[in-house]
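# Coordinate analysis (summary)
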Amino acid sequence: MGTPELRICHLYPELMNIYGDRGNVIALAQRCRWRGYGVRVTPVSLGDGLDPTEHDLYFIGGGQDREQILVCEDLAREKGDALRQAVEDGAALLSICGGFQLLGDHFLTYTGEDLPGISLFDAKTAGGDARFIGNVAVESGLEGVEGVLVGFENHSGRTYLGSGCRPLGGVIRGYGNNGEDGQEGCVYRNAIGTYLHGSLLPKNPRLADWLILRALRRRHDLDELPRLDDSLEEAAHRAALELTLREKRRRGVSP
Amino acid sequence: MAAGKAVTQLSRRLGAGAGSNFPGRVVLRLYPEAPEEMAASLAGGCVLVSGTNGKTTTSNLLAGMMRAGGMLPVHNRVGANLMTGITAALAQASDRKGIPRGDIGLFEVDEATLPAAVRRLRPRLVIVTNLFRDQLDRYGELESLARKMDAALKDLDGEAVVLLNADDPLVASLGRDCPARIYYYGIEYAGVAEAGLRHAADSKHCRECGSPLDFKANYFGHMGKYSCPGCGAARPPVDFAATHIELSGTRGSRVRLSTPRWQGELFLGLPGLYNVHNLLAASGCAQLLGLDREAVERGVEGYSTAFGRGERIPVGGRDLFLVLSKNPTGFNEVIRTLRGEGTGLPLLAALNDRIADGRDVSWIWDVDFEELAPLARYLVATGTRARDMALRMKYAGLHPSAIRVEPELKRALRAALEGADEGETVYALTTYTATLDLRRLLTRMKAAPGLWKEA
Ligand SMILES: [Zn+2]
């Protein structure tokens with residue numbers, strides 16, 4: 001099998017990138033390079049074809065309304081089927097905020113537009129009038145990533161999960177999926193949706209490695225990844241968590 | 001003028017110094033009509049400068065040109081760009097009868113405050129410099145901000161004038177139904193264009209039809225020469241242009257200006273292309289106000305660097321080059337400027353997440369630090385989010401052994417200076433409130449002149 005190579009598909013990189021979401025791709029790529037693995041990042045955007053067997057890990061970030069409408073139409077064409085198939089085949093996927101919303105069943109914007117999702121996640125999103133903005137801390141329930149995830153959320157959409165997927169974790173501070181049920185994000189097979197910007201992965205390196213390991217395992221015989229020196233990552237995580245817990249903010253209330 | 005008089009006395013009692021917003025807030029509470037009254041007594045009317053970046057530099061340049069041309073501007077303090085700050089500036093400049101001692105208002109206005117400022121101050125001229133995402137966490141989407149600004153411009157009088165940055169597609173699209181006369185400024189020099197849009201580019205789509213814009217030239221961020229393949233919309237022709245630009249690193253740039261009335265070359269002692277835009281906005285506005293070429297030239301010559309925006313301070317036998325870097329586009333421009341300074345550079349980066357900086361620091365992942373890492377000998381990271389900064393540089397490729405985290409500013413400054421050789425320049429890249437902190441620290445150390453000097 002030789003040296004493992006992670007093949008990342010960066011979906012709509014120029015359209016769906018808000019609040020530094022591209023930092024997640026930078027983190028995935030660097031954490032492979034530091035281990036001596038190969039990395040290939042393929043941007044796939046409007047009108048491009050998507051072969052579900054060509055990539056190990058898919059990433060889609062958040063966007064503004066206009067960009068989200070363009071992407072929604074494009075996903076509905078043929079990429080949606082390919083993405084669902086890839087995830088059924090065990091590919092890893094990370095979607096943030098607007099990207100997360102478009103992978104659910106549908107997204108009802110605050111202006112009343114009903115954007116159909118690709119139903120990769122059993123989740124529905126409706127736009128709200130107030131934005132949920134602030135630092136977030138989430139107790140992760142993901143096996144191997146137990147512990148706290150930190151990030152920054154900024155969304156007006158309220159997402160509600162159905163029974164076909166489970167939340168990524170429970171909100172300790174912040175609003176999470178909808179500001180009501182205390183849930184944050186969603187997990188289905190090796191696919192994750194979340195509202196956490198930050199960027200998410202650099203400060204939550206174990207989640208990054210969870211995705212990398214699952215993505216590589218399909219083609220490479222790997223039980224675990226070689227450890228990296230994450231002292232800077234852990235220091236940044238600790239500092240962000242302290243800051244988030246120090247903030248006096250009520251949970252689940254419109255700002 | 002009853003309100004104005006009371007306001008002046010009140011504002012004296014409240015003190016003009018420290019918090020620029022406090023006196024304004026009290027005045028507005030007691031005399032809600034005070035800004036209207038005071039603004040109406042300015043013989044030369046009001047000029048408003050709005051946009052994400054460059055408000056302070058543009059209005060400081062413009063204030064210098066106005067003074068050189070014999071005008072006496074009433075000008076708000078750095079960063080005090082809400083109605084409260086504007087009201088405080090008017091009150092503090094007024095005499096005992098409540099009449100402002102000045103003949104023209106020159107106000108930096110926060111983008112979201114523009115509708116209120118237009119309604120209340122009835123400006124004769126409005127400048128919009130650019131729109132970036134830097135304040136999205138406060139204002140939501142750029143598009144909805146643009147709609148609010150459209151509504152504000154629609155509210156202008158027919159005799160008013162609007163001056164827009166043609167190189168910013170979103171700004172150039174403003175003022176569609178605006179009764180005022182619209183003028184544009186922009187860069188007309190391919191020598192400073194780069195290929196392709198950067199990651200940090202914000203407005204990449206046609207506002208009319210949503211198609212991705214074609215960029216024939218890209219200067220920085222989403223600034224460039226663009227057209228829409230979908231509906232044919234294009235960058236408007238400009239009235240005030242920079243037709244030749246010679247960037248000389250952190251020292252500044254030589255710029256050839258072309259205006260409807262004259263053409264000429266001048267040296268701008270401010271680094272980076274973004275400051276060329278600020279020069280175009282200020283000189284364009286000066287000309288629209290009837291100021292002559294000499295006033296523009298003297299204004300630019302006499303301009304002492306706007307507070308914190310690129311300034312060289314000798315300290316401890318080294319030179320500290322202090323530059324405000326508060327959002328991806330600004331930071332990328334700074335990095336581009338640093339590329340002209342060689343490699344092996346000592347760096348100090350201060351990242352704060354206070355309200356004035358924006359609480360969200362995820363924008364640092366949109367900055368092309370991958371281009372800065374190879375230029376750095378070492379980086380000392382400081383500020384309330386020092387560790388985020390350090391982590392960003394690690395992922396950008398700077399070896400962790402070259403990165404030091406010192407959240408406390410004084411220790412960070414010492415570490416950054418100690419790592420540098422005698423006479424060497426240490427580059428300090430700081431967010432808004434970190435710039436204030438650093439200036440304050442340097443003043444205490446007697447390294448820098450007063451906190452800031454208003455031009
Ligand atoms: Zn168009």
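Throughout this description, residue numbers start from 1 for each chain and increase along the sequence as written. Just so you know, chain letters begin at A and ligand numbers begin at 1, following the order they were written in. Per-residue local features of the predicted model are confined to residues with pLDDT of at least 70, and side-chain atom pairs are confined, for both listing and counting, to 80 or more; whole-chain, interface and lining totals are unaffected and use all residues. Side-chain descriptors were evaluated using all non-hydrogen atoms of the structure, hydrogens and water having been removed beforehand.

## A short note on the overall build of chain B
Per the convention used, a helix needs a DSSP run of H or I reaching at least four residues, while a strand needs a run of E reaching at least two, with both numbered from the N terminus. Along chain B, the regular secondary structure elements total 16 helices and 17 strands. The 455 residues of chain B split such that 64% are buried. Only protein chains enter the calculation, and the probe is 1.4 Å; a residue is then buried if its accessible area is under 20% of its type maximum, exposed if over 50%, and partly exposed in between.

## Things to note about the coordination of the zinc ion
Residue and element names in this part refer to chain B. The coordination sphere of the zinc ion contains the protein donors C206 (SG), C209 (SG), C228 (SG) and C231 (SG), at a distance range of 2.2 to 2.3 Å. For the zinc ion, the four donor atoms in the first shell make angles of 99 to 116 degrees at the metal, so the coordination geometry reads as tetrahedral. With water excluded from the atoms, a metal site may look incomplete; its donors are any N, O or S atoms within 2.8 Å, or within 3.2 Å for Na, K and Ca. Within one chain, the residues donating to the zinc ion are spaced in sequence as C-x2-C-x18-C-x2-C. Square planar and octahedral assignments, for four and six donors respectively, both demand that opposite donors be over 155 degrees apart and that all other angles lie between 65 and 115; tetrahedral needs four donors with all angles between 85 and 135 degrees, and anything else is irregular.

## Thoughts on the packing of helix 6 (residues 114–121) of chain B against helix 8 (residues 142–154) of chain B
In helix packing, the relevant descriptors are the interaxial angle and the interaxial distance, both defined with respect to the helix axes. Residue and element names in this part refer to chain B. Between helix 6 and helix 8, the least distance of the axes is 8 Å, while the angle of their chain directions is 10 degrees. Taken together, the axes of helix 6 and helix 8 are roughly parallel relative to one another. Between helix 6 and helix 8, the residues in contact are L114, P115 and V118 and K148, M149, A152 and L153, respectively. For helices, the axis comes from a line fit to the C-alpha atoms of the stretch in contact; other axes are also lines fit to C-alpha atoms, and the angle between any two N-to-C directions lies between 0 and 180 degrees. Here the angle decides the label: under 35 degrees means roughly parallel, over 145 means roughly antiparallel, 65 to 115 means roughly perpendicular, and every other value means oblique. In what follows, residue pairs with any heavy atoms lying within 4.5 Å of each other are defined as contacts.

## Concerning the confidence of the model for chain B
Residues and elements named next belong to chain B. Scored by pLDDT, chain B has a mean of 86; 88% of the residues are at 70 or more. Confidence drops under a pLDDT of 50 for residues 16–20, and excluding neighbours within four residues, the segment shows seven contacts in the predicted structure. pLDDT under 50 marks residues 450–455. Its contacts with residues more than four places away, or in other chains, come to 19 contacts. This prediction of the complex comes with two scores: 0.72 for pTM and 0.94 for ipTM. The quantity called pLDDT is the predictor's confidence in a given residue, expressed from 0 to 100.

## Brief notes about the sheet that holds strand 2 (residues 38–44) of chain A
Residue and element names in this part refer to chain A. Here, any two strands with at least 2 DSSP bridges between them count as paired. Read from one edge to the other, the open sheet built from six strands follows the order 2-1-3-4-12-11, with strand pairing classed as mixed. Each having just a single partner strand, strand 2 and strand 11 (186–188) make up the two edges of the open sheet. Put simply, the sheet's adjacent strands are angled 15 degrees from each other on average, direction ignored. The sheet contact formed by strand 1 (residues 5–11) and strand 2 spans seven bridges and is parallel. By the bridge assignment for strand 2, L11 is matched with V44.

## Points about the interface of chain B and chain A
At the junction of the two partners, chain B supplies 34 residues and chain A supplies 37 residues. Two parts lose some accessible area (1.4 Å probe) when they are put together, and adding that loss for both gives the buried area. Of the roughly 3,100 Å² buried at the junction of chain B and chain A (both faces included), carbon and sulfur atoms supply 51%. Salt bridge criterion: a side-chain nitrogen from Lys or Arg within 4 Å of a carboxyl oxygen from Asp or Glu. Taken together, the connections running from chain B to chain A amount to four salt bridges. Of the charged contacts in the structure, one is a salt bridge between R359(B) and E247(A), with a shortest N-O distance of 3.4 Å. Counting of polar contacts relies on pairs of N or O atoms within 3.5 Å, with two restrictions inside protein: one atom must be capable of donating a hydrogen and the other of accepting it, and residues adjacent in sequence are counted only when both atoms are side-chain atoms. Linking chain B with chain A are 13 residue pairs in polar contact (both at pLDDT 80 or more), by the criterion used here. Of all the secondary-structure elements, those providing two or more residues to the side of chain B that touches chain A are helix 7 (136–139), helix 8 and helix 14 (386–395) of chain B. Examining the composition of the side of chain B that touches chain A, we find that seven residues originate from one element, helix 14 of chain B, more than from any other.

## Quick look at the packing of helix 4 (residues 55–68) of chain B against helix 11 (residues 293–301) of chain B
Residue and element names in this part refer to chain B. Helix 11 packs onto helix 4 with a crossing angle of 130 degrees between their chain directions and a minimal axis gap of 7 Å. Between helix 4 and helix 11, the crossing angle belongs to the class labelled oblique. Of the two possible hands of crossing, helix 4 and helix 11 adopt the one that is right-handed. From helix 4, L61, G64, M65 and A68 reach across to helix 11, where they touch A295, V296, R298, G299 and V300. The residue inventory of the contact of helix 4 with helix 11, partitioned by class, reads six nonpolar, two polar and one charged. Helix crossings are classified by the rotation of the near helix relative to the far one: an anticlockwise turn of less than a right angle makes the crossing left-handed, while a clockwise turn makes it right-handed. Only Asp, Glu, Lys and Arg are considered charged, only Ala, Val, Leu, Ile, Met, Phe, Trp, Tyr, Cys and Pro nonpolar, and every remaining residue, Gly among them, polar.

## Description of the nonpolar core
In this description, a nonpolar core means a group of buried Ala, Val, Leu, Ile, Met, Phe, Trp, Tyr and Cys residues linked to one another through side-chain atoms lying within 4.5 Å. Formed by 102 residues in total, the largest nonpolar core has its most connected members in L83(A) and F369(B). Those residues within four positions of F369(B) in sequence are excluded, and the remaining contacts are F331(B), I335(B), I364(B), M389(B), R392(B), M393(B) and A396(B). Listed in part, the 48 residues of the second largest apolar core include V27(B), A91(B), V118(B) and L153(B).

## Observations regarding the domain arrangement of chain B
Interfaces are frequently sized by the accessible area removed from exposure as the parts join. Residue and element names in this part refer to chain B. Each domain's extent was defined by an automatic or database domain assignment. We note that the domain assignment places domain 1 (2–301) and domain 2 (309–444) within chain B. Here the C-alpha centre of domain 2 lies 28 Å away from the C-alpha centre of domain 1. Across the domain 1 to domain 2 interface the summed buried area is about 2,000 Å²; carbon plus sulfur atoms make up 47%. Here domain 1 is connected to domain 2 by zero salt bridges.

## Looking at the packing of aromatic side chains
Pairing of aromatic rings covers Phe, Tyr and Trp, the last counted by its six-membered ring, and requires centre-to-centre distances within 6.5 Å; plane angles under 30 degrees mean stacked, over 60 mean edge-to-face, and any other angle means tilted. Across all of its chains, the model carries nine aromatic pairs over all chains by this definition. For the pair W34(A) and Y395(B), a centre-to-centre distance of 4.8 Å together with 50 degrees between the ring planes defines the contact as tilted. Taken together, the residues span two chains, with W34(A) in the loop between helix 1 (22–33) and strand 2 and Y395(B) in helix 14. Among the aromatic residues, those joined into a ring-pair cluster are W34(A), W365(B) and Y395(B). The ring of F132(A) is capped by R158(A), whose NZ or CZ atom sits 4.0 Å from the centre of that ring. A ring is scored as having a charge over it whenever the NZ atom of a lysine or the CZ atom of an arginine sits within 6 Å of its centre and within 35 degrees of its normal.

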